[in-house]
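Read off the chains here:
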Amino acid sequence: MLPDQGTLTQIMIMTNILDGVKMPSQIAKNVGITIQGVQYHTKILKNKRLLTKDGNVSKLGYIFLESGLNSMRDFVSQNLSRLDEFATWEVIADEDIPTGSNVYVYMLDGYLHATRKKEGIKASVKNGSLKGQTALVSLTEGMIEVDFGTIIIAVLPDIADSEQTFKLTERVKDLSRSKKTLVAVVGEFAKTICLKAGIHVSIEFASLNASFEAAVRGVSTRLFVSERRFRYLLYDLKILQGKYREVKTEIVYLK
């Protein structure tokens, strides 16, 4: 059962405190209530000994949080399972699949495919299609398992002389040999080095975001960027690493 609104608000305040947010104004902004509301609930939490006198989460508060978050998780899980039968997925048909038939869905090169052969997760076809076209299916058993891709960020030294450029070109070739790995670039220098190396570039714009999107679809990426441009990616990189915690990233400095 979902906790009442007051309890939900208190849980949100306490999770903010756990994240190191102590200013009532910032908590109010994060939770979406007034500063007076934060002060009101904080007073209640202290009276219940869920917060210490100096405003930290107490041992009793951790128990309260665990119970509340578990209730929220169960509520969300139960209702998501009810929606599963209505959820539809776009897939590429490996063969002709008529509406109403049963198929099996699997991931290939970052895209969902449907086949009538027994491989993958069983699904029901909501909108059939011919081979090679897009169909809509609803999963009937389990979830599709995806092996997350990895991202190697190769940082190139700023504009190099001809000898250094030759060495960089060879290093770039070595890092990009796998046919199952996409190549992404950020900026002009990275693009020209890849062109010189004769490497096909798959991702050129919004490359960092696209690399993470590819990774959650099971496709690995080698992203090349100059040291100068890399400095401007650090903030976005931190945000994306927090959002996609399952994706492994590695930074390599090429010299």
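Conventions and cut-offs
Residues numbered from 1 in each chain as written. Predicted model: local features only at pLDDT ≥ 70, side-chain atom pairs only at ≥ 80, totals over all residues. Heavy atoms only, no water. Pairing = 2+ DSSP bridges. Helix = DSSP H or I, 4+ residues; strand = E, 2+ residues; numbered from the N terminus. Axes fitted to C-alpha atoms, helices over the stretch in contact; angles between N-to-C directions. Core = buried A, V, L, I, M, F, W, Y, C linked by side-chain atoms within 4.5 Å. Buried < 20%, exposed > 50% of the residue type's maximum accessible area, 1.4 Å probe, protein only. Contact = heavy atoms within 4.5 Å. Parallel < 35°, antiparallel > 145°, perpendicular 65-115°, else oblique. Left-handed = near helix turned anticlockwise from the far one by under 90°. Nonpolar A, V, L, I, M, F, W, Y, C, P; charged D, E, K, R; others polar. Phe/Tyr/Trp six-rings, centres within 6.5 Å; stacked < 30°, edge-to-face > 60°. Lys NZ or Arg CZ within 6 Å of the ring centre and 35° of its normal. Expected span 1.5 Å × (residues − 1). Arc of directions from axis to C-beta.

### Thoughts on the sheet that holds strand S8 (residues 220-226)
Piece 1. In spatial order, the strands read S7-S8-S6-S9; together these four strands make up an open sheet with parallel pairing. Strands at the two margins of the open sheet, each flanked by one partner only, are strand S7 (181-186) and strand S9 (248-253). For this sheet the average axis-to-axis angle between neighbouring strands, irrespective of direction, equals 20°.
Piece 2. Relative to S8, strand S6 (residues 150-156) runs parallel, the two being bridged by six bridges. By the bridge assignment, Ala154 is partnered in S8 with Phe224.

### Quick look at the nonpolar core
Piece 1. The biggest cluster of nonpolar side chains holds 17 residues, and the ones touching the most others in it are Ile153, Leu208, Phe212, Leu223, Val225 and Phe230.
Piece 2. Elements supplying a minimum of two residues to this core: S6, S7, helix H7 (207-216), S8 and helix H9 (234-243).
Piece 3. The contact partners of Phe212, leaving out residues within four places of it in the chain, are Ile151, Leu237, Leu240, Gln241, Tyr244, Val247 and Thr249.

### Concerning the packing of H7 against H9
Piece 1. Running from N to C, H7 and H9 cross one another at 20°; their axes reach a closest spacing of 10 Å. In terms of their interaxial angle, H7 and H9 are classed as roughly parallel. In the packing of H7 onto H9, the handedness of the crossing is right-handed. Facing H7, whose interface residues are Leu208, Asn209 and Phe212, H9 presents Asp236, Leu237, Leu240 and Gln241.
Piece 2. For the contact of H7 with H9, the residue count by class is four nonpolar, two polar and one charged.

### Topic: the sheet that holds strand S3 (residues 111-115)
Piece 1. Spatially, the five strands close up into a barrel ordered S1-S3-S2-S4-S5, and their pairing is mixed. Taking each pair of neighbouring strands and ignoring which way they run, the sheet shows an average axis angle of 55°.
Piece 2. One ladder, built from four bridges, connects strand S4 (residues 121-127) with strand S5 (residues 134-139); its direction is antiparallel. Among the inter-strand pairings, Val125 is bridged to a residue of S5, identified as Val137.

### Re the side chain of Thr169
Piece 1. Inspection of the secondary structure assignment puts Thr169 in helix H5 (residues 162-175).
Piece 2. Excluding residues that lie within four positions of it along the chain, Thr169 makes contacts with Ile193, Lys196 and Ala197.

### So, the packing of aromatic side chains
Piece 1. Within the structure shown, the criterion is met by two aromatic pairs.
Piece 2. Here the aromatic rings of Phe212 and Tyr244 are separated by 5.7 Å at their centres, their planes lie at 25°, and the arrangement is stacked. Here Tyr244 lies in the loop between H9 and S9 and Phe212 lies in helix H7, a separation of 32 residues in the sequence.
Piece 3. The exposure class assigned to Phe212 is buried, which follows from its relative accessible area of 0%.
Piece 4. Judged by relative accessible area, Tyr244 falls into the buried class, the value being 16%.
Piece 5. The cationic tip of Arg217 hangs over the ring face of Tyr111; the distance from NZ or CZ to the ring centre is 5.7 Å.

### Overview of the environment of Lys122
Piece 1. Considering the arrangement of structural elements, one finds Lys122 in strand S4.
Piece 2. Among the residues examined, Lys122 registers a relative accessible area of 27% and is labelled partly exposed.
Piece 3. Taking C-alpha positions, Lys122 is 6.4 Å from Val105, a pair spaced 17 residues apart along the chain.

### Let's talk about the environment of Lys118
Piece 1. When you line up the elements, Lys118 lands in the loop between S3 and S4.
Piece 2. The class of Lys118 is exposed, set by a relative accessible area of 74%.
Piece 3. Residues Lys118 and Tyr104, spaced 14 residues apart in sequence, show a C-alpha to C-alpha distance of 6.2 Å.

### Comments concerning helix H3 (residues 35-47)
Piece 1. Taking 1.5 Å per residue as the helical rise, H3 with its 13 residues ought to reach 18 Å, and the 18 Å between its terminal C-alpha atoms agrees with that figure.
Piece 2. Taken residue by residue, H3 has Gly37, Val38, His41, Thr42 and Leu45 as its buried positions. Seen from one end, H3 has its buried residues packed into an arc of 130°, which puts them on one side. Away from the buried face of H3 by more than 90 degrees, exposed residues Gln36, Tyr40, Lys43 and Asn47 are located.
Piece 3. Buried residues along H3 sit in contact with helix H1 (5-18) and helix H2 (24-31).
Piece 4. One or two residues past the end of H3 sits Arg49, with phi positive at roughly 65°.

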